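This is what each chain is made of:
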Amino acid sequence: MLRFSLLFTLFLAACTVQPVGTYGGYTPGGTPVSTAGAPPRPGLAPPRITKALIPAGRYGRHRMRRMVPRYITIHSTQNYSRQSDARAHAEMLRRGALKGPRNSLGYVTWHFTVDESSIYQSLPETEQGQHADYEGPGNRYSIGIEMCENRGNSRAATMARTARLTAHLMRKYRIPLNRVVPHQHWRMIRYADGRDLGHKNCPHFLLDGGRPGLKWRNFLRMVQSH
Ligand SMILES: [Zn+2]
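This is a predicted model, so every value here is computed, not measured.

**Digging into the environment of Asn150**
Tracing the chain through its elements places Asn150 in the loop between β7 (142-147) and α4 (155-173). For Asn150, a count of 19 C-beta atoms within 10 Å corresponds to the partly exposed category. The spatial distance from the C-alpha of Asn150 to the C-alpha of Ser84 is 5.4 Å, given a sequence separation of 66 residues. With residues up to four places along the chain from it excluded, the contact list for Asn150 reads Asn79, Tyr80, Ser81, Arg82, Gln83, Ser84 and Asp85.

Put into structure tokens, the structure is as follows:
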């Protein structure tokens, strides 16, 4: 993974003038490369994922907006009630129960919810969610993963499962490690009135003083270990 991360960092640096969503670029030697249609990389077996998609055309998917994932955004739910595991969150999304003024579509949505023993998927990976920064790049280009914090749930096991899912998605979509970011990375400009809400302290237990530090670097190391 490390070797590919480095390679992709290099090619992303080389193709920053390309239009959004165009994959390809140049090798360090200057040879053009295209990754379109490349076969999946061998190695990591996909983690077990339970699909519980929000119904197409309804609730948080009433406008289904295509996305080429270029980042992975990590969150934590800050929902501490005992029953609020991954399945419960996926159910809320599926029933349209997570309405929120915090986004322009009227619903909060994200792609994956992870707890100590399971992963639930609520949105296709190639569809925009509403979890990071209103109409900003965090929502337009990133896959959102929420880590559960329900009482009784193992944080260590949840982080380990999240790291594995993240590594899997990085390979699948050729996303380099420096594009795996905490929610805090994205500046939140509120859609309704343009107000700058700054950076959220999320996922709070992986940040140091509200910023990425040692804990975040340790999480990235877990991702790299896959
Ligand atoms: Zn968050």
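Having seen the structure, we can now continue with the description.
**Looking at the nonpolar core**
Ranked by size, the top nonpolar core spans 31 residues in total, and within it Ile72, Val114 and Ile145 carry the most contacts. In terms of residue count, the dominant contributor to this core is α4 (six residues). Once residues lying within four places of it in the same chain are set aside, the contact partners of Ile145 are Ile72, Ile74, His75, His111, Phe112, Val114, Thr162, Leu165 and Thr166.

**Section: the pairing of strand β4 (residues 71-76)**
Among the six residues in β4, six count as buried, and that is most of the element. Covered by surrounding structure in β4 are Tyr71, Thr73 and His75 together with Ile72, Ile74 and Ser76, the residues of both alternating faces. Bridge analysis of β4 against β7 gives six bridges, and the strand direction is parallel. Paired with Ser76 across the strands is Met147, a residue of β7. In the sheet, β4 pairs with strand β8 (residues 180-182) via three bridges, with the strands oriented parallel. Within the sheet, the bridge partner assigned to Ile74 lies in β8 and is Pro182.

**Focus on the environment of Ser142**
The residue Ser142 is located in strand β7 in this model. Using a count of 30 C-beta atoms within 10 Å as the deciding quantity, one classes Ser142 as buried. For the pair Ser142 and Ala132, spaced ten residues apart in sequence, the C-alpha separation works out to 8.7 Å. Aside from chain neighbours lying at most four places away, what touches Ser142 is Pro69, Tyr71, Ile72, Thr73 and Ala132.

**Overview of the sheet that holds β4**
Ordered in space as β3-β6-β5-β7-β4-β8, the six strands form an open sheet in which the pairing is mixed. Strand pairing shows two members of the sheet lacking a second neighbour, β3 (50-51) and β8, which therefore form its edges.

**Considering the packing of α4 against helix α5 (residues 214-224)**
Viewed as axis vectors pointing N to C, α4 and α5 meet at an angle of 60°, and their least axial separation amounts to 8 Å. Taken as axis vectors, α4 and α5 run oblique relative to one another. Both α4 and α5 take part in a crossing whose hand is right-handed. Touching Met159, Ala160, Ala163, Thr166 and Ala167 of α4 are Phe219, Met222 and Val223, all from α5.

**A few points about helix α2 (residues 86-94)**
Three- or four-residue spacings in an α-helix give side chains the same orientation, since the helix completes a turn every 3.6 residues. Ala86, His89, Ala90 and Leu93 are the residues of α2 that are buried. Buried positions in α2, seen along its axis, are confined to an arc of 100° and lie on one side of it. Buried residues in α2 make contact with β5 (112-114), β6 (119-121) and β7. At the C-terminal side of α2, Gly96 shows a positive phi close to 70°.

Reading the values: the criteria
Residues numbered from 1 in each chain as written. Predicted model: local features only at pLDDT ≥ 70, side-chain atom pairs only at ≥ 80, totals over all residues. Helix = DSSP H or I, 4+ residues; strand = E, 2+ residues; numbered from the N terminus. Buried ≥ 20, exposed ≤ 12 C-beta atoms within 10 Å, placed from the backbone. Contact = placed C-beta atoms within 7 Å. Core = buried A, V, L, I, M, F, W, Y, C linked by C-beta atoms within 7 Å. Pairing = 2+ DSSP bridges. Axes fitted to C-alpha atoms, helices over the stretch in contact; angles between N-to-C directions. Parallel < 35°, antiparallel > 145°, perpendicular 65-115°, else oblique. Left-handed = near helix turned anticlockwise from the far one by under 90°. Arc of directions from axis to C-beta.

Keep in mind these numbers describe shape, not what the thing actually does.
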